[in-house]
Amino acid sequence: MRTLVSHLRLVAARYTPGRAVIVALLLGPVVGAMLAFGSFAAEEANVITVDNFTFTPPELTVAVGTTVKWLNHDDIPHNVVDKNKAFRSKVLDTDDSYSFTFASAGTFDYFCALHPHMQGKIIVK
Ligand SMILES: [Cu+2]
């Protein structure tokens, strides 16, 4: 019986608050990084990715004053051209991006001048 008690004490000693604090300290940066990444991802909400000849999302609604970023994840170049010439990016190579701030409300239909079947729409309210 005595050995059982001492064994339990030994097990309890392994889970001291001190050890928990060390685990928390070790996990803190990981959790912090995950939270930071989460807010980063939220800030990236107005990003349109270009992949496999497709703008994703194809239609995006934003508030006036929002900056939208197009990010080319495709392995071939694309660009972004507004049909009414409100904006026009340079040719974006892989992982290049283009940002445009929509200062006024409206519907902006755009396409890729290199592959005009690639189309998208930004609705600014
Ligand atoms: Cu294209």
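Structural notes, computed from the coordinates. What you see is a predicted model; the values in this text were computed from it and never measured.

## What about the sheet that holds strand β5 (residues 81-82)?
- The strand order across the open sheet built from four strands is β3-β8-β7-β5, with neighbouring strands paired in mixed fashion. One side of each edge strand has no neighbouring strand; the edge strands of this open sheet are β3 (59-62) and β5.
- By the bridge criterion, six bridges tie strand β7 (residues 106-111) to strand β8 (residues 119-124) in an arrangement that is antiparallel. Residue T107 lies in a different strand from β8, and its bridge partner there is I123.

## Comments concerning the pairing of β3
- Of the two faces of β3, the one holding L60 and V62 is buried and the one holding E59 and T61 is not buried anywhere.
- For β3 and β8, the ladder comprises four bridges, and the chain directions are parallel. The partner of V62 across the bridge, within β8, is V124.

Reading the values: the criteria
- Residues numbered from 1 in each chain as written.
- Predicted model: local features only at pLDDT ≥ 70, side-chain atom pairs only at ≥ 80, totals over all residues.
- Heavy atoms only, no water.
- Pairing = 2+ DSSP bridges.
- Helix = DSSP H or I, 4+ residues; strand = E, 2+ residues; numbered from the N terminus.
- Buried < 20%, exposed > 50% of the residue type's maximum accessible area, 1.4 Å probe, protein only.

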